[in-house]
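Observations on the model geometry
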Amino acid sequence: MANVFDQKLNDFMAKIIAKNPSEMEFHQAVHEVAESLIPFIEEHPKYKDAKILERMAEPERVILFRVPWLDDKGEVQINRGYRIEMNSAIGPYKGGLRFHPTVNLGILKFLAFEQVLKNSLTTLPMGGGKGGSDFDPKGKSDNEVMKFTQSFMSELFRHIGPDTDVPAGDIGVGGREIGFLFGQYKRLRNEFTGVLTGKGREWGGSLIRPEATGYGCTYFAEEMLKTRNDSLKGKVVTVSGSGNVAQYAVEKVTQLGGKVVTLSDSSGFIHDPKGIDADKLAYMMNLKNVKRGRIKEYADKYGCEFYEGKRPWMIKCDVALPCATQNEVNEEDAKTLVANGCFVVSEGANMPSTPGAVEVYLKAKILFGPGKAANAGGVAVSGLEMTQNSMRLSWTREEVDAKLHQIMRDIHETCVKYGKDADGFINYVNGANIGGFVKVAEAMLAQGLV
Ligand code: NDP
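Residues numbered from 1 in each chain as written. Predicted model: local features only at pLDDT ≥ 70, side-chain atom pairs only at ≥ 80, totals over all residues. Heavy atoms only, no water.

**Examining the side chain of T262**
Within the secondary structure, T262 sits in strand β8 (residues 262-265). By relative accessible area, T262 is classed as buried at 0%. From its side chain, T262 meets the backbone oxygen of V239 in a polar contact 2.9 Å long. Once you skip the residues sitting within four places of it in the chain, T262 turns out to touch V237, T238, V239, F269, I270, H271, I276, P312 and I315. (Helix = DSSP H or I, 4+ residues; strand = E, 2+ residues; numbered from the N terminus. Buried < 20%, exposed > 50% of the residue type's maximum accessible area, 1.4 Å probe, protein only. Polar contact = N/O pair within 3.5 Å; in protein donor to acceptor, adjacent residues only side chain to side chain. Contact = heavy atoms within 4.5 Å.)

If you want it as structure tokens, here you go:
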């Protein structure tokens with residue numbers, strides 16, 4: 001039977017690759033989902049006949065635009081802007097904006113495709129989208145970042161809106177960038193609406209939004225551990241990245257009694273065997289968010305090791321939380337993790353594990369929470385921010401955190417429902433893919449050929 005499915009998967013992927021040449025990350029994301037879904041769809045011909053999966057792999061709309069701006073020297077710079085409006089079957093397009101020099105169409109399409117299933121898993125009414133630019137905020141002055149974001153929004157504003165498409169942050173887009181983007185949108189439209197999430201607390205933002213992805217990823221790890229009557233207490237945890245997701249993953253793991261021993265950025269990683277406690281985390285957050293410095297400075301300050309150009313997966317741990325970027329854990333890294341006793345991987349980043357790495361986790365039957373389930377807390381609280389904006393009220397920190405925690409438990413339950421193998425092993429990859437698919441597929445069937 002496996003061969004029949006393999007053939008169908010190969011045929012399906014051949015069409016995807018021919019239609020979207022050179023979009024490697026998009027192929028990778030679609031392949032992983034199709035591998036889970038094709039057997040399920042074969043059992044449910046209504047999805048097959050309506051070609052739901054084929055339709056989901058085609059964006060509803062792709063917007064690509066020029067972003068000209070003047071740098072501090074008065075020189076003209078030109079970047080490229082994108083918005084992928086992937087699927088609006090269950091709600092307005094929703095997904096972050098990424099500003100990073102590696103951004104291209106294929107990367108944003110992979111992210112938008114994943115986002116559709118992720119948003120569905122949150123149980124909230126949000127479709128999927130993603131956008132961004134090849135602009136690199138690193139090394140730019142605040143003035144340059146503002147000029148770029150204003151130019152970017154001067155085109156994007158005509159395509160988005162609180163009931164149409166609601167962007168948020170992602171790599172390179174944090175509170176500062178969301179502020180500039182919101183200001184420009186408000187100026188152009190002359191309206192104060194919840195068109196972006198991740199806003200400041202004083203102007204429509206939700207409490208817990210900055211924390212949500214890192215907290216959610218940690219809650220998901222804790223839920224997975226519960227299935228083995230275990231918890232994060234006393235666990236040694238490796239974290240990659242030192243941005244938004246990594247920072248709050250460290251905070252929550254530490255609050256739950258775990259010890260985080262690594263952090264990284266694109267120049268390398270630090271190993272602090274004593275653990276990154278609240279004071280060290282505060283130093284690191286100031287270093288990254290205010291001084292915009294490099295992680296090596298942490299090693300200099302606390303006298304621990306900095307591994308230049310390396311990733312943290314060689315460090316022995318019980319739990320690994322990849323929170324930096326796509327394909328940052330390869331097959332070799334995964335083998336090293338498993339050989340060193342790591343038995344939980346909860347992905348804060350999107351698609352940080354290569355297909356080879358995922359195979360290693362599944363073969364070793366460790367607890368593996370794929371990004372579309374484990375990092376859905378960020379978009380879930382963005383969904384809650386949209387609700388608060390529509391109702392024109394704000395919930396307390398405790399209320400939002402309780403809702404986030406419940407959503408992560410619900411996502412875990414959905415994964416168990418759709419991902420439990422006959423031997424009791426929970427394949428969270430299948431669980432997340434099928435669980436996310438069903439709701440979107442049903443909505444697409446109900447709405448006809450659109
Ligand atoms: P940030 O920009 O705040 O931080 C990104 C971190 O990852 C930085 O430490 C950065 O280092 C590092 N990094 C980025 N690219 C690379 C690379 N190519 N190699 C090595 N390190 C790299 O982004 P976020 O924390 O918001 O996002 C991290 C991941 O989480 C992404 O995959 C994102 O899509 C995902 N995610 C984010 C959500 C959110 O709410 N923010 C929601 C769901 C998923 P450096 O500074 O040197 O570039």
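**Observations concerning the site of the ligand**
In the vicinity of the ligand, 24 residues are found, and the nearest of them are D170, T213, S266, R294 and N350. At a separation of 3.0 Å, an oxygen atom of the ligand approaches a polar backbone atom of G172. Between the ligand and T213 there is a distance of 2.7 Å, counted from an oxygen atom to a side-chain nitrogen or oxygen. Burial of the ligand by the surrounding chains reaches 82%, relative to a free accessible area of 890 Å². Contributions of two or more residues to the shell around the ligand are made by α8 (209-226), α9 (244-255) and β8. Across the shell around the ligand, the residue classes tally to five nonpolar, 13 polar and six charged. (Near = heavy atom within 4 Å. Areas by Shrake-Rupley, 256 points an atom, 1.4 Å probe, with all protein chains shown as cover. Nonpolar A, V, L, I, M, F, W, Y, C, P; charged D, E, K, R; others polar.)

**Remarks on the sheet that holds strand β7 (residues 259-260)**
Note: strands within a sheet are paired through backbone hydrogen bonds, in either parallel or antiparallel orientation. Taken together, the five strands give an open sheet; going across it, the order is β7-β6-β11-β12-β13, and neighbouring strands pair in parallel fashion. This sheet does not close on itself; its edge strands, each paired only once, are β7 and β13 (367-369). When strand β6 (residues 236-239) meets β7, the two strands line up parallel, connected through two bridges. Each residue of the ladder has a partner; that of V237, found in β7, is V260. (Pairing = 2+ DSSP bridges.)

**Thoughts on the packing of helix α6 (residues 142-156) against helix α7 (residues 175-189)**
Here α6 crosses α7 at 45°, and the two axes come no closer than 9 Å. When the axis of α6 is compared with that of α7, the two are oblique. In the packing of α6 onto α7, the handedness of the crossing is right-handed. Only R176, E177, F180, L181, Q184, Y185 and L188 of α7 make contact with α6, whose side of the interface consists of D142, V145, M146, T149, Q150, F152, M153 and S154. Residue classes in the contact of α6 with α7 are distributed as eight nonpolar, four polar and three charged. (Axes fitted to C-alpha atoms, helices over the stretch in contact; angles between N-to-C directions. Parallel < 35°, antiparallel > 145°, perpendicular 65-115°, else oblique. Left-handed = near helix turned anticlockwise from the far one by under 90°.)

**What to know about the side chain of R98**
Note on placement: R98 falls in strand β3 (residues 93-99). Residue classification places R98 among the buried residues on the basis of a relative accessible area of 4%. At 2.6 Å, the side chain of R98 forms a polar contact with the side chain of D170.

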